[in-house]
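Architecture at a glance
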Amino acid sequence: MTTPTLVSTAGAPPATTRAQRTRRVLVLVALALVAISAVRVVTGATDLTSTGAISAALAAAVPIGLAGLGGLWSERAGVVNIGLEGMMILGTFGGAWGALTFGPWGGVVAGAVFGALGGLLHALATVTFNVDHIVSGVAITLLATGLARYLASFAFSDIGGGPTQSPVVPSLPKWSVPGLGWLAGIEQRGWFLVSDLAGIIRGALTELSALTVIAVILVPVSYFVLWRTAFGLRLRSCGENPKAAESLGVDVYRYKYYGVVISGALAGLGGAFLSIVAASIFREGQTAGRGYIGLATMIFGNWRPGGLASGALLFGYTDALQLRRGSESVHALLLFIAAVLAAIAIFQFYRGHRVVGIVSIALAAGALLWYFTTDQIPVEFVRAMPYVITLVVLALAAQRLRMPAADGQPYRKGEG
Amino acid sequence: MSRLDWRRWLPPILAPVLAILLAAAISSLVLLSSGKDPGRAFASMVEYAFGERTGPASMVDMLNRATTFYLSAVAVAIGFRMGLFNIGVEGQFRLATLLAGAFGAAAFLDPVPGPIRIFLIIVVAMVVGAAWAGIAALLRVYRGVSEVISTIMLNFVGGSIFAFLLTEDYLGVKQPGSENVTTPILPANAWMPSFPFPNTNQRVFGFIVIAVLVGFGYWFLLGRTRFGFDLRASGMNPTAAVASGIDAKKMIITTMLISGAVAGLVGLPGLLGRDHAVTTSVAGLGFTGIAIALLGRNHPVGIAFAALLWAFLDRTRIILDLEQIPQETIVIMQSVTVLAVVVMGELAARFSRRQQQRSVGRATGEATVERGSVAVAGAGVTSAREGS
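About the cut-offs
- Residues numbered from 1 in each chain as written.
- Chains lettered and ligands numbered in written order.
- Predicted model: local features only at pLDDT ≥ 70, side-chain atom pairs only at ≥ 80, totals over all residues.
- Heavy atoms only, no water.
- Helix = DSSP H or I, 4+ residues; strand = E, 2+ residues; numbered from the N terminus.
- Expected span 1.5 Å × (residues − 1).
- Buried < 20%, exposed > 50% of the residue type's maximum accessible area, 1.4 Å probe, protein only.
- Arc of directions from axis to C-beta.
- Contact = heavy atoms within 4.5 Å.
- Buried area = accessible area lost by both parts, 1.4 Å probe.
- Nonpolar A, V, L, I, M, F, W, Y, C, P; charged D, E, K, R; others polar.
- pLDDT = per-residue confidence, 0-100.
- Polar contact = N/O pair within 3.5 Å; in protein donor to acceptor, adjacent residues only side chain to side chain.
- Phe/Tyr/Trp six-rings, centres within 6.5 Å; stacked < 30°, edge-to-face > 60°.
- Domains from an automatic or database assignment.
- Salt bridge = Lys/Arg side-chain N within 4 Å of Asp/Glu carboxyl O.

All names here are of chain A. If you check helix H15 (residues 354-373), its first and last C-alpha atoms are 28 Å apart, about what 20 residues at 1.5 Å a residue would give, namely 28 Å. Three or more residues of H15 are buried, namely Gly357, Ser360, Ala364, Ala367 and Tyr371. Taken end-on, H15 shows its buried residues confined to a sector of 90 degrees, consistent with a single buried face. The exposed set on the far side of H15, more than 90 degrees from its buried face, consists of Arg354, Val355, Leu369 and Thr373.

See the structure below:
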């Protein structure tokens, strides 16, 4: 029921081994790198692989990824968590308040605790009271918005802030892998591929916030706990078939609580990252829908940690480009998108899916046409990109995604 | 058993009332814990809403707010009743309002008489709203994409398109003497006539009539038509509905289109009755609609009460500042109410289910009754996902 394989739906090619999959992913990554590098050389959009862009992408990916991990923990336990956004909002407040009161690490803890409290409420509503998961999530997001404002008006009014904003909060330490200074020189040269690699390595390994490192570590940790421990197996069994789990003596309610509370804590951590690291301040509306994007990354990461981490990086990347001469950089990316779509089209024709292939070709041609007829992309379109990508991926691949079998379904003990 | 069995109708009514009381109690505790007198706060809110001096203006404002809330909530409720979550009212109404506003102000409509022009604006808004919701419906039916996710994504995409179109390059114009970019101002004959209200020069939106008609239409559609029956059946038990010959795909598309069409109306009371141009400021009404639909238990009259209550809280929160109470207390009260209502609703449904099972058990002389085997109409919102 819950073997740690990727999607294996009927009609799919025979299951591949782990090594084969790893190799395939590496090849794809390498191809993407070459393509991006070529696009950079052709268009001169140096920000596509600059250190600044990559480190901004990583920073933008962290809160999205943490929210996505939050979604993963909850949905693996069978509870749809649309309240991630609300738990993140609680985390932004908790982070700022904790950092101002107990120092930056206190903020990290407080952010996670506030998020976890939101998760606890969601668990109470959905698990104990059997309220519809979506309804509870929406209500929690509403509540969190109001609660954060209310608490902020008490916490920050006397120290130079107010209901919508906090004073500047103390920051976390930043870490760098030592001995990478020489890469800067290579990046400057603008060599094909080599300079791009230098920029990416420097961006990914220097000037990292401590919380970024923690977030990155949490991805394999989540994988390990969920797929390699008895605890994780029990938790996932509650999301796949709670009645079977119950019959084997698993306390389904308890594991659902664990999943949803951890989910809230992770989302809260993402919120704390926003207020402590990204902005150094709590501001109302700071999350700007990142909880929902996190949910989206989890879905098209196919409810798997690795997949959602890549999704978060992708969104983080478009997010970061938009801040760094966004209109030009993303415009250059159109060329890349056209190339990817063309590759998909060829692959689909090869596999015999003519319709999907034709649609992909048409989209590729559209992207190419767009590239050649314009000089930049309106910033609004750049901003909409993650959402459009999500919709397109869902539309093209929804059948290949496999969510936990009992995700979102009500469960009452003893009614199996 | 008789239709008037108290076990059936009482819990669904009692639940929201209890929930509101519970939320009021929690809000009072919040106020007490910060050293404020909840009684005084509440008295000043009531005074502000219905008192002699500020009452008339407040009541007009509350009616106008409630009109907008009501439309938004009905749009959400139509989906809820068949287990479809249209979280996308926000995006649907913003795009609809923008395009309808720009269309209504277009010069080629100038020879058209006012009422027809208003009618055309309404039609455009409904079509745009339905079209935007239709994307989610098609994705759901043909690609299996959950409408919850797709409507959330479409909200953001819609917001971006809104921001993109409402610039001077496209649909926007800069209003003289201000930096705000809006759609061109509608000609005066396309302003919706409004009603006077005693003791104030504020006027009630004419659109309130349309909101009432929508509410009536919703009631009629659900309770008096074959479509409404199919819709409710699909919401309560999708498997049984399909087995009885209901075309699930067609139901999803039709319901989503109707929901989107009603969502398209949400921005129009303000557009036709007050602003006469679309500004960037409209936002958030879609999510309010979800809350109010939940609060009103998806019932046409329940939603009306919920919308009025919400409007009352929204209107009177500014008075709390004078009592040195943060306005946010109201937001907390609103969201706690919603949460309490859904929890109470679930408990009430469980209670009435158990009562019915017990009476059935007595009637059939059985000592034990199988739990969970009687399907009941008590729960307002049921998940669309079916058991495997």
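Interface size is commonly expressed as the accessible surface area that is lost when the partners come together. Every contact between the two is made by 48 residues of chain A and, on the other side, 46 residues of chain B. A combined buried area of about 4000 Å² lies between chain A and chain B, and 76% of that area is made up of carbon and sulfur atoms. Broken down by secondary-structure element, the contributors of at least two residues to the side of chain A that touches chain B are helix H4 (104-128), helix H5 (133-156), helix H12 (290-300) and helix H16 (379-397) of chain A. No other element matches H5(A), which puts 14 residues into the side of chain A that touches chain B. Looking at the side of chain A that touches chain B, its residues break down into 31 nonpolar, 10 polar and 7 charged.

Turning next to the confidence of the model for chain B. Residue and element names in this part refer to chain B. Per-residue confidence for chain B gives a mean pLDDT of 84, with 91% of residues at or over 70. Within chain B, the element-level pLDDT minimum falls on helix H1 (residues 6-33), averaging 79, and the maximum on helix H7 (residues 207-224), averaging 94. Contacts for the low-pLDDT stretch residues 372-388, under 50 throughout, to residues beyond four places or in other chains number 35 contacts. Here the prediction assigns the complex a pTM of 0.86, and the interface score ipTM is 0.82.

Residues and elements named next belong to chain B. Relative to the helices and strands, Thr200 is located in strand E4 (residues 200-204). Within polar-contact distance, the side chain of Thr200 engages the backbone nitrogen of Gln202 at 3.0 Å. The contact partners of Thr200, leaving out residues within four places of it in the chain, are Pro56, Ala57 and Val60.

Another point: the packing of aromatic side chains. What describes a pair of aromatic rings is the distance from one ring centre to the other and the angle between the planes of the rings. All names here are of chain A. One pass over the full model with this rule turns up 23 aromatic pairs over all chains. Each ring, one from Tyr253 and one from Tyr411, has its centre 5.6 Å from the other, and the planes form 80 degrees; the classification is edge-to-face. Residue Tyr253 is located in helix H11 (residues 252-278), and its partner Tyr411 is located in the segment after H16; the two are separated by 158 residues in the primary sequence. Just as Tyr253 is buried, Tyr411 falls in that class too. On the numbers, 5.6 Å between centres and 90 degrees between planes, the contact of Tyr255 with Tyr258 is edge-to-face.

Residue and element names in this part refer to chain B. Taken as a whole, chain B is organised into domain 1 (1-36 + 328-355) and domain 2 (58-324). Spacing between the C-alpha centres of domain 1 and domain 2 amounts to 26 Å. Taken residue by residue, the interface counts 13 residues in domain 1 and 12 residues in domain 2. Overall, the association of domain 1 and domain 2 removes approximately 1100 Å² of surface from exposure, summing both partners, and the carbon and sulfur fraction of that is 76%. When residues of domain 1 are sorted by the area they lose upon contact with domain 2, Ile330, Gln334 and Val338 head the list and together hold 46% of the total. Connecting domain 1 to domain 2 are 0 salt bridges. At the junction of domain 1 and domain 2, the tally comes to 1 residue pair in polar contact (both at pLDDT 80 or more). The set of elements that each furnish at least two residues to the side of domain 1 that touches domain 2 consists of H1 and helix H14 (328-364).

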